Amino acid sequence: MLLHLAVARTLYNGDTIFYAVSFILLMWIVKVLAWKPVTKMMQDRSDKISDDIDNAEKSRKDAAAMAEERKAALAGSRVEAQTIVKDAKENGQQQREQIVTQAQTDAQSLKDKAQKDIAQEREDALASARNDVADLSVEIASKLLQRELKADDQKALIDSYIEGLGEQHES
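For clarity, every value in this text was computed on a predicted model and none was experimentally measured.

Participant: Can you walk me through the pattern of salt bridges in this structure?
Facilitator: Proximity of charged atoms lets side chains of opposite charge pair with each other. Following the criterion strictly, the structure yields 3 salt bridges and no others. Notably, a salt bridge pairs K40 with D44, separated by 3.2 Å at the nearest N-O pair. With K40 and D44 both in helix α1 (residues 2-146) and 4 residues apart, this pair spans about one turn of that helix. In this structure K40 comes out as exposed when scored by relative accessible area, which is 53%. For D44, a relative accessible area of 41% puts it in the partly exposed group. A salt bridge links D52 to K48, with the nearest nitrogen and oxygen atoms 3.0 Å apart. On the criterion of helical spacing, the pair formed by D52 and K48 is a turn pair, its members being 4 residues apart in helix α1.

Participant: Even after reading the chapter, I still don't get a negative patch on the surface, so can you show me in this structure?
Facilitator: Taken together, the side chains of D117, E121, E123 and D124 present a region of like negative charge at the surface. Here E123 lies in helix α1.

Conventions used here
Each chain carries its own residue numbering, running from 1 in the written order of its sequence. In keeping with the model being predicted, local features are shown solely for residues with a pLDDT of at least 70 and side-chain atom pairs are shown and tallied solely at 80 or more, while totals for entire chains, interfaces and linings include all residues. Where side-chain values are given, they derive from all heavy atoms of the structure, hydrogens and water being excluded. A carboxyl oxygen of Asp or Glu within 4 Å of a side-chain nitrogen of Lys or Arg is what we treat as a salt bridge. Secondary structure elements are defined from DSSP: runs of H or I of at least 4 residues count as helices, runs of E of at least 2 residues count as strands, and each element is numbered from the N terminus. Here the term buried applies to any residue with accessible area under 20% of the maximum for its type, exposed to any over 50%, and partly exposed to those in between, with areas from a 1.4 Å probe on protein chains only. Here the term patch refers to residues with relative accessible area over 30% and no salt bridge, with like charges joined within 9 Å and nonpolar side chains (Val, Leu, Ile, Met, Phe, Trp, Tyr) within 5 Å. Using a 1.4 Å probe, accessible areas were evaluated by the Shrake-Rupley method; residue-level cover was limited to the displayed protein chains. Counted as positive: Lys and Arg. Counted as negative: Asp and Glu. His and the chain ends are not counted at all. By convention, the point assigned to a charge is CZ for Arg, NZ for Lys, CD for Glu and CG for Asp.

Spelled out as structure tokens, the structure:
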């Protein structure tokens, strides 16, 4: 029986050596054929994840910077819009004042011209009336000298002369 145990033990040691050599050989094959590609793939994946994290952080910072720029631009736009509105109001007020002043000046000019025209027309009418009265006086005097007038004749003569004046002014 002992012999059997001794044979079994040597086989057991032989199997162990075979398994150890097979394991070492398998590890060497895995290292040569699979370990380098797997580690390269894992390193590439690690680098990609690291780059993605860095890009995400950069994008977040860029987005924050752009948001601040937009806020500043919006504030600048509001100030500019307020300035434009203020300038437009001031320009409108100035134009309104100019228009009112120009209208007042034009009205005063028209009023002055109308007064001058009225004065000229009055002077013309007075001159015409003087001429008419002078002509009437001369005509009456000449007719009086030609004949002696009675009250009815004198009234008829004045009426006919006044009708003659009316016809002259109408034409």
